[in-house]
Amino acid sequence: MAPQLAWIGVGNMGRGMCKNLVEKGQLDKPLIIFNRTQKRATDLSSSLPAGKSTVASDLQKAVSNADIIFTCVGDDAAINETIDTAIKEDVKGKVFVDCSTVHPDTTEGLAKKITSAGADFVACPVFGAPAMADAGQLVCVLAGPKAAVDKVKPYTKGVIGRANVDFGGQAVGKATLLKVVGNTFILNLIESLSEAHVLAEKSGLGCDNLHQFVEAMFPGPYAAYSTRMTSGDYHKREVPLFAVDLARKDAGHAMALAKAAGTRLKDVEVADAHLEQVKKHKGETGDIAAIYGAVRQEAGLKFEN
């Protein structure tokens with residue numbers, strides 16, 4: 001008999017991951033969904049096939065009725081609050097799986113709390129944008145006790161993701177350390193594209209010509225972010241795909257880890273300074289791709305293209 005699954009946190013990433021668990025996870029019981037703002041959970045459940053999900057009225061009920069509990073929340077404070085509430089229940093024998101992007105020290109702290117309560121903990125941060133979450137094309141990084149990781153794998157590759165990076169048997173903090181380091185690639189990608197597009201516009205090459213090159217040479221994330229820039233998506237959307245505050249949280253974790261290790265991430269420092277300008281210009285609706293707007297402003301162009 002398949003275990004009972006619960007999902008906590010249905011933001012931009014969680015919604016797509018829930019959808020794929022329901023559609024491809026071969027669950028024999030409805031997925032239990034909980035979100036702090038209940039309407040989001042209700043709306044998601046209503047969009048899924050009838051009878052395949054149920055909405056929990058509170059977090060502790062979701063946890064008490066589940067064998068494997070996935071969490072995907074916005075920051076370190078949120079996941080600590082979530083787990084502190086969850087383990088007030090009897091959680092012996094359960095498996096907690098955290099997909100949030102948090103500092104490795106936070107992940108290690110969660111593991112201590114959860115294992116002290118008699119449950120297992122697996123870190124499972126994921127790489128990919130919301131569209132990749134919807135399509136089940138994420139890359140999942142799993143770390144923790146190998147037996148617990150093996151219980152989670154049936155729901156990662158081929159379900160919520162296209163590939164696993166398997167750190168089974170390694171410290172849980174290794175997964176979120178990789179996630180934080182890996183996210184610097186995205187920051188640097190966006191910073192490089194932003195500077196190149198501004199140069200293309202001001203030098204006369206033209207953004208369309210540069211975009212044609214990017215699509216031919218660097219398909220995938222480069223081309224996707226280049227499209228978001230040239231189309232104006234970076235400033236037009238009301239709901240960000242990757243909110244500026246979350247991007248700065250990730251950049252802050254990366255810079256702190258670098259400082260502790262005796263090195264610097266100068267590219268990330270530059271990108272973070274541009275994100276600070278994004279926040280000033282767009283507020284909480286600012287998106288990571290709006291680094292482009294900040295670079296445009298520095299070059300004497302309007303933020304919006």
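Scoring rules and cut-offs
Residues numbered from 1 in each chain as written. Predicted model: local features only at pLDDT ≥ 70, side-chain atom pairs only at ≥ 80, totals over all residues. Heavy atoms only, no water. Salt bridge = Lys/Arg side-chain N within 4 Å of Asp/Glu carboxyl O. Buried < 20%, exposed > 50% of the residue type's maximum accessible area, 1.4 Å probe, protein only. Helix = DSSP H or I, 4+ residues; strand = E, 2+ residues; numbered from the N terminus. Polar contact = N/O pair within 3.5 Å; in protein donor to acceptor, adjacent residues only side chain to side chain. Contact = heavy atoms within 4.5 Å. Pairing = 2+ DSSP bridges. Right-handed = clockwise from strand over helix to strand, strands pointing away. Core = buried A, V, L, I, M, F, W, Y, C linked by side-chain atoms within 4.5 Å. Phe/Tyr/Trp six-rings, centres within 6.5 Å; stacked < 30°, edge-to-face > 60°.

### What about the pattern of salt bridges?
And step 1. Evaluation of the coordinates by the stated rule reveals 15 salt bridges.
And step 2. A salt bridge links D28 to K29; its shortest N-O distance comes to 3.3 Å.
And step 3. By relative accessible area, D28 is classed as partly exposed at 47%.
And step 4. The class of K29 is partly exposed, set by a relative accessible area of 24%.
And step 5. Notably, a salt bridge pairs R296 with E201, separated by 2.7 Å at the nearest N-O pair. Note that R296 is positioned in helix α14 (residues 291-298) and E201 in helix α8 (residues 173-203), a separation of 95 residues in sequence.
And step 6. One salt-bridge network, in which partners are shared between bridges, spans K146, D150, K153 and D166.

### Comments concerning the side chain of T71
And step 1. Summarising the element assignment, T71 is placed in strand β4 (residues 68-71).
And step 2. A polar side-chain atom of T71 sits 2.7 Å from a polar atom in the side chain of D98.
And step 3. Excluding residues within four positions of it along the chain, T71 makes contact with I8, I79, T82, V97, D98, C99 and S100.

### Here's the deal with the pairing of strand β5 (residues 95-98)
And step 1. The alternating pattern of β5 places V95 and V97 on one face and F96 and D98 on the opposite face, and all of these are buried.
And step 2. Bridge analysis of β4 against β5 gives four bridges, and the strand direction is parallel. Across the sheet, F70 pairs through a bridge with V97, a residue of β5.
And step 3. You can see the chain leave β4, run along helix α4 (residues 76-86) and come back into β5, and the turn it takes is right-handed.
And step 4. Pairing of β5 with strand β6 (residues 120-123) involves four bridges; the strand directions are parallel. Directly across from V95, in β6, lies its bridge partner D120.

### Remarks on the nonpolar core
And step 1. Formed by 33 residues in total, the largest nonpolar core has its most connected members in W7, M17, L21, L31 and F70.
And step 2. Elements represented by at least two residues in this core include exactly β1 (5-8), α1 (12-24), β2 (31-34), α2 (38-47), β4, β5, β8 (138-144) and α7 (146-152).
And step 3. Among the elements that take part in this core, α1 stands out by supplying five residues, more than any other.
And step 4. In contact with M17, not counting residues within four places along its chain, are W7, C99, V126, A133, L138 and I160.

### Considerations on the side chain of R296
And step 1. Its relative accessible area of 4% is what places R296 among the buried residues.
And step 2. What R296 contacts, discounting residues up to four positions off in sequence, is V198, E201, Y234, L301, K302, F303, E304 and N305.

### Some details on the packing of aromatic side chains
And step 1. The final tally for this structure, using the stated rule, is six aromatic pairs.
And step 2. When the centroid spacing of 5.2 Å and the interplanar angle of 15 degrees are considered together, the rings of W7 and F70 count as stacked. On the criterion of sequence distance, the pair formed by W7 in strand β1 and F70 in strand β4 is long-range, its members being 63 residues apart.
And step 3. Taking the relative accessible area as the measure of exposure, W7 reaches 0% and is therefore buried.
And step 4. Geometrically, the ring pair formed by F218 and Y222 is tilted, given 5.1 Å between the ring centres and 35 degrees between the ring planes.
And step 5. By relative accessible area, which is 34% here, F218 ends up partly exposed.
And step 6. A residue is classified by how much of its surface remains accessible, and Y222, at 31% relative accessible area, is partly exposed.
And step 7. Put simply, the rings of W7, F70 and Y155 touch in pairs and so form one group of aromatic residues.

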